[in-house]
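# Overview (structure and organization)
Next come the chains, spelled out residue by residue.
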Amino acid sequence: MELRQLEYFVTVVEEANFTRAAERLHVAQPGVSAQIKRLERELGQELLDRSGRTVSMTEAGRAVLPHALAALASVQSARDVVDALTGLVRGSVSVGMVTACASTDLTDLLSRLHQKYPGLDISLSEDDSRNLLAGVLDGTFDIAVIGIAGDLPEGLESRVITDERLVAGVAANHELAQSSSLSFTELETRPVICLPKGTGIRTCLDAACDAVGVTPTVSLEASNLGIIVSLAAQGLGLAVLPESAVGQLHRIDLEPEARSRLELVWCVVGGKNPAASALINLARDAAEPVRQTEDRQR
């Protein structure tokens, strides 16, 4: 008994016709008939009733069908296991990262993936959060670090990797250098230095200002937090940045409080890419995923 014979038998049953089964199997119709006859001779029973306009199973055929399906399923499972192992040896992962991301969580995650599966091809691209989110949804990226304000679309999972208060920073000789807090409304009348639109921190800033009905007066933009700190230290404006990046600047708490939050995001139902699945599993193991169900400022 050969697997090919079982496959031909199951296909004829599903199509109820030898010709259509042969077309589906991409073999000649006489070959299908010959293999099934060999199977019937080996079993000592006819499995198919060929007397009608359509082919139907005999009683013996109905008894054999579940076993034929189980055998074919077992073989497919074995193939899937081998394909998965091959994919992890020679697979690829596409990762997105928001511009000016300073978190080490993503690099740590990719390092663990590389140590476990050194043969994987890992591609890393920078973009703004909007494009990264769209890329995760359409499959361009397997996983991405983004910063957004509001709900994540349905079908995505995430875990928070950084969650910091958004603050202002000014030079030691700035007129606000003695202040401990500042309203977001004040950012409409003062020169602001910040990251460009599309970054997580800028998204947080814009969302916080929208909430109080103001538009910040952005005088300078830079995609590097270190440069923003340097510009503010030269007295060129008031820097808006996460609290951990204030450095030598005088820190001023912005009111009402807003959080700068970065998250690793991936699709709940992944594709058949075993390498991507391995990366997502590492992300899930690192911390409990957070399903976006409520408005959260970033």
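Keep in mind the model is a prediction, meaning the values are calculated, not measured.

Here the focus is the nonpolar core. The biggest cluster of nonpolar side chains holds 33 residues, and the ones touching the most others in it are F184, L187, L205, L238 and V240. Of all the elements in the fold, those that place two or more residues in this core are strand 6 (156-170), strand 8 (192-194), helix 7 (200-212), helix 8 (225-233), strand 10 (238-242) and strand 11 (250-255). Looking at this core element by element, the count peaks at five residues for helix 7. Beyond its immediate stretch of four places on either side in the chain, V240 contacts L166, V167, L187, V192, I193, C194, I201, L205 and L254.

Glancing now at the state of the cysteines. Tallying each qualifying case throughout the model produces zero disulfides. Sulfur of C194: no disulfide; nearest cysteine sulfur belongs to C209 and is 9.1 Å away.

With that settled, consider the pattern of salt bridges. Scanning the entire structure with this criterion turns up 17 salt bridges. Here E2 and R4 are joined by a salt bridge, their closest N and O atoms 3.3 Å apart. Accessibility expressed as a relative area gives 31% for E2, which makes it partly exposed. Here R24 and E15 are joined by a salt bridge, their closest N and O atoms 3.0 Å apart.

The next point concerns the confidence of the model for the protein. Looking at the protein as a whole, the pLDDT averages 84, with 88% of positions reaching at least 70. Put simply, helix 9 (residues 274-286) is where the protein has its lowest mean pLDDT, 78, and strand 11 is where it has its highest, 96. Taken together, the stretch residues 288-298 has pLDDT below 50 and engages in 48 contacts with residues farther than four places along the chain or on a different chain.

Running from amino to carboxyl end, helix 1 (residues 3-15) crosses helix 3 (residues 29-43) at an angle of 110 degrees, the nearest separation of the two axes being 9 Å. By the angle class used here, helix 1 and helix 3 are roughly perpendicular. In the crossing of helix 1 with helix 3, the sense of the turn from one axis to the other is left-handed. Between helix 1, through R4, Q5, L6, Y8, F9 and V12, and helix 3, the contact on the second element is made entirely by G31, V32, Q35, I36, R38, L39 and E42.

Okay, the environment of D105 next. Its place among the elements puts D105 in helix 5 (residues 105-116). By relative accessible area, which is 25% here, D105 ends up partly exposed. Residues D105 and E263 lie 158 residues apart in sequence; the distance between their C-alpha atoms is 9.9 Å.

A few words on the side chain of T58. For T58, the location among the structural elements is in the loop between strand 2 (56-57) and helix 4 (59-90). For T58, the side chain forms a polar contact with the main-chain oxygen of E46, separated by 2.6 Å. Setting aside chain neighbours within four positions, we find T58 in contact with E46, L47, L48 and D49.

We now examine unusual backbone geometry. Cis geometry is adopted by the peptide bond preceding P256, which originates at E255 and carries an omega value of -5 degrees. Tracing the chain through its elements places P256 in the loop between strand 11 and strand 12 (259-267). Positioned with a positive phi, A16 is a non-glycine residue whose angle comes to about 55 degrees. Relative to the elements of secondary structure, A16 occurs in the loop between helix 1 and helix 2 (18-25).

Taken residue by residue, helix 8 has L225, I228, V229 and A232 as its buried positions. The arc that holds the buried residues of helix 8, viewed along the axis, is 100 degrees, so those residues lie on one side. For helix 8, the elements touching its buried residues are strand 6, strand 8, helix 7 and strand 10. Capping the start of helix 8 is the job of one residue whose side-chain oxygen sits 2.7 Å from the backbone nitrogen of G226: N224.

Thresholds applied
Residues numbered from 1 in each chain as written. Predicted model: local features only at pLDDT ≥ 70, side-chain atom pairs only at ≥ 80, totals over all residues. Heavy atoms only, no water. Core = buried A, V, L, I, M, F, W, Y, C linked by side-chain atoms within 4.5 Å. Buried < 20%, exposed > 50% of the residue type's maximum accessible area, 1.4 Å probe, protein only. Helix = DSSP H or I, 4+ residues; strand = E, 2+ residues; numbered from the N terminus. Contact = heavy atoms within 4.5 Å. Disulfide = S-S within 2.5 Å. Salt bridge = Lys/Arg side-chain N within 4 Å of Asp/Glu carboxyl O. pLDDT = per-residue confidence, 0-100. Axes fitted to C-alpha atoms, helices over the stretch in contact; angles between N-to-C directions. Parallel < 35°, antiparallel > 145°, perpendicular 65-115°, else oblique. Left-handed = near helix turned anticlockwise from the far one by under 90°. Polar contact = N/O pair within 3.5 Å; in protein donor to acceptor, adjacent residues only side chain to side chain. Arc of directions from axis to C-beta.

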